[in-house]
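Structural description and commentary
One-letter residues, chain by chain:
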Amino acid sequence: MNILKLLHPKACIEYLYNDCTARQTLEKMKNHGYSAVPVIDREGRFVKTVSEGDFLRFMVEKGLYDIREMENFPLEKIPPKVNMRPVNVSSTVEDLILLSMDQNFVPVIDDRGIFIGIVTRKDILGYCYQTIMQQDSSETTTEEV
């Protein structure tokens, strides 16, 4: 199956540019209820995914206790604990399944490395469920004959 059928396009999701401030990122994540968000550069290339945990570790490490202090740090200074790898648009669903075991969503890039969207773990699980149900129904039909 083509993974584009599961894709949430960039135009329909929230993402951030790597030159945003850490405070802007935290506020956007809070307002949308996200625990992680993809980060791209101004040319549209995927850079990384940052999570709430990345910000907490950074704030503790720097001794920051006020979100206003995060205005002084560009997002590019927040190191991710886990390097969430993107997949190429020509990847298989099997590639998505393996990556989704460790991350809530899988970033998708085109052949030029341009970020085009994400596939969520929920959508991957839904696809797997539908595939299993179709196999079960075809096996039941075969056994009845």
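Residues numbered from 1 in each chain as written. Predicted model: local features only at pLDDT ≥ 70, side-chain atom pairs only at ≥ 80, totals over all residues. Heavy atoms only, no water.

1. Things to note about the pattern of salt bridges
For the structure on display, the rule yields eight salt bridges. The residue Arg 112 makes a salt bridge to Asp 110 at a minimum N-O spacing of 3.1 Å. Overall, Arg 112 belongs to the exposed group, its relative accessible area being 64%. Linked through salt bridges whose partners overlap, the residues forming this network are Asp 41, Glu 43 and Arg 45. (Salt bridge = Lys/Arg side-chain N within 4 Å of Asp/Glu carboxyl O. Buried < 20%, exposed > 50% of the residue type's maximum accessible area, 1.4 Å probe, protein only.)

2. A word on the packing of aromatic side chains
Considering all chains together, one arrives at four aromatic pairs under this definition. Ring geometry for Tyr 15 and Tyr 17: centres 5.8 Å apart, planes at 80°, overall edge-to-face. Ring pairs connect the aromatic residues Tyr 15, Tyr 17, Phe 46 and Phe 115, which therefore count as one cluster. We note Lys 10 situated over the ring of Tyr 15; from NZ or CZ to the ring centre the distance is 5.7 Å. Lying across the ring of Tyr 17, Arg 42 places its NZ or CZ 3.8 Å from the centre. (Phe/Tyr/Trp six-rings, centres within 6.5 Å; stacked < 30°, edge-to-face > 60°. Lys NZ or Arg CZ within 6 Å of the ring centre and 35° of its normal.)

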